[in-house]
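# Inside the fold
Each chain is listed here by its residues.
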Amino acid sequence: MAVYIQNISTVVPERSYDQDFLRDRMKEYISDKEITQRIIHRIYSKSGINKRHTVIPDFNANGDPRFFFQEDGTLSVPSTGDRNELYTHKAKELFVETARQTIADNPSVDRNDITHVITVSCTGFFAPEPGFEIIQQLGLATSTQRFHLGFMGCFAAFPAMKMAKSFCESQPNANVLIVCLELCTIHLQPSEVTDNLISASVFADGAAGTIINSKKPQASNSFELTQFVTSIAQESEKDMAWTIGDTGFDMVLSTYVPDIIKSNLAQSIQPLFEDYQLTPSDISHWALHPGGRAILDKVQQSFNLVDDQISPSRQVLADYGNMSSATILFVLKELLNQPASKKREAVLAMAFGPGLTIESGLLQKIKGS
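My aim in this report is to walk through the structure given alongside it, one point at a time. (Residues numbered from 1 in each chain as written. Predicted model: local features only at pLDDT ≥ 70, side-chain atom pairs only at ≥ 80, totals over all residues. Heavy atoms only, no water.)

The subject of this paragraph is the packing of helix α2 (residues 34-45) against helix α6 (residues 194-202). Where α2 meets α6, the closest approach of the two axes is 10 Å, and the angle between their N-to-C directions is 40 degrees. In terms of axis orientation, α2 runs oblique to α6. As for the relative orientation of α2 and α6, their crossing is right-handed in sense. Of the residues in α6, those in contact with Ile39, Ile40, Ile43 and Tyr44 of α2 are Thr194, Leu197, Ile198, Ala200 and Ser201. Along the lines of polarity and charge, the residues of the contact of α2 with α6 split into seven nonpolar, two polar and no charged. (Axes fitted to C-alpha atoms, helices over the stretch in contact; angles between N-to-C directions. Helix = DSSP H or I, 4+ residues; strand = E, 2+ residues; numbered from the N terminus. Parallel < 35°, antiparallel > 145°, perpendicular 65-115°, else oblique. Left-handed = near helix turned anticlockwise from the far one by under 90°. Contact = heavy atoms within 4.5 Å. Nonpolar A, V, L, I, M, F, W, Y, C, P; charged D, E, K, R; others polar.)

Here we have nine strands laid out as an open sheet, ordered β5-β4-β6-β7-β1-β8-β13-β12-β11, and mixed in their pairing. Both edges of this open sheet fall to β5 (145-150) and β11 (285-288), since each of them pairs with a single strand only. Averaged over all pairs of adjacent strands, the angle between strand axes in this sheet comes to 25 degrees, irrespective of strand direction. The sheet contact formed by strand β8 (residues 222-232) and strand β13 (residues 357-366) spans 10 bridges and is antiparallel. Residue pairing across strands places Ile232 opposite Thr357, the latter belonging to β13. Here helix α4 (residues 130-138) sits on the sheet and contacts β4 (116-121), β5 and β6 (175-183); the angle it forms with β4, its principal contact strand, is near 130 degrees. (Pairing = 2+ DSSP bridges.)

Turning to the environment of Gln171, a few remarks are in order. Examined against the element boundaries, Gln171 turns out to sit in the loop between α5 (157-170) and β6. Judged by relative accessible area, which is 34%, Gln171 ranks as partly exposed. In sequence terms Gln171 and Thr115 are 56 residues apart; their C-alpha atoms lie 9.7 Å from each other. For Gln171, the residues in contact, after removing those within four places along its chain, are His116 and Gln145. (Buried < 20%, exposed > 50% of the residue type's maximum accessible area, 1.4 Å probe, protein only.)

On to unusual backbone geometry, then. In this chain, Ala127 is followed by Pro128 through a cis amide linkage whose omega measures 0 degrees. With respect to the helices, strands and loops of the structure, Pro128 is situated in the loop between β4 and α4. Between Gly355 and the following residue, Leu356, the backbone shows a cis peptide bond with an omega angle of -10 degrees. Take Leu356: it is sitting in the loop between β12 (344-353) and β13. Notably, Gln277 is not glycine yet its phi reads approximately 50 degrees, a positive angle. Along the chain, Gln277 turns up in the loop between α7 (257-275) and β11. Judged by its relative accessible area of 74%, Gln277 is exposed. The residue Asn304 is not glycine, and still its phi comes out positive at about 50 degrees. Assignment of secondary structure puts Asn304 in the loop between α8 (293-302) and α9 (311-320).

Of all 10 residues in β13, 10 are buried, a share of seventy percent or more. Residues Thr357, Glu359, Gly361, Leu363 and Lys365 point to one face of β13 and Ile358, Ser360, Leu362, Gln364 and Ile366 to the other, with burial holding for every one of them. By the bridge criterion, 10 bridges tie β12 to β13 in an arrangement that is antiparallel. Looking at β13, one finds that Ala349 is bridged to Gly361. Adjacent in sequence and paired antiparallel, β12 and β13 are bridged by three residues, among which Gly355 carries a positive phi angle near 145 degrees.

Remember that the coordinates give geometry; whether it matters functionally is a separate question.
Quick look at the structure:
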């Protein structure tokens, strides 16, 4: 049975800052050492990011208490509890807003049709989990099945899509709502360590939702979910990881990550090519999780891709930064909105996360009538 991504909706916090502005503020607050300021300047200037959205109000506080960047030039270090309290308050609003928008953007599905809700997040926790909040606030049926994927990182939208595909294959009338939401910026760490500076330079806040079912789309472009594959790079567990500390979640993003991904790419996606007798040249579009500019560069170099094949990934990186699990849905939405030149176009979607895990999916972009 064929299963389709019917539509994708995205939501970001209203507040955003230009990357150059954030670069200068980090230089001002993190350290007065010339070498550290040079490192910060280079990291931010070479990031490929123009702006990022955040729930942190510090630079537009208008007299309200600041969370990190104090007016006296000091940098606060909120506790994990304080950060999670902010997450809970903001995430509940954004989960519901994103779910509402996703349903509203689909003319063939209304709230009474939703049978499953899958929520995804790794940047905070609360219970009852976000699916409960969505069902209550939107008035979905109390019998709606709900599932939450937590603390899986940037690749978590893929297991969510795989779950949705399985539900639809076993229940032909299923309509699965997925909402991925991350508030990465609440975990800023005041560190001069290069890996921490890199993390601070790329992560941002955002949410995305999608509805997946087995109804063949008609009017608009859509994606058919064909097959997924998971791979774990050997001896790379410590190069990308999350831990919970007393002052937020500590993100390890090693400078070696792009090279690790590059060296494991071919073997990680080979099963998809073998099963469908494809070669990289058969793929029209590469929907890559833009974990950072260097990651996109390495993938493009590895497969000799032209710029147009990964342009949605670079555009999302420039406009939003890395929003962890939600980011790949932003990329797929960007690709979905592009005019289709053929009735069906092969798409290879990929994301990378803790482990180091490489998740890949073979999709078909279907041109709407």
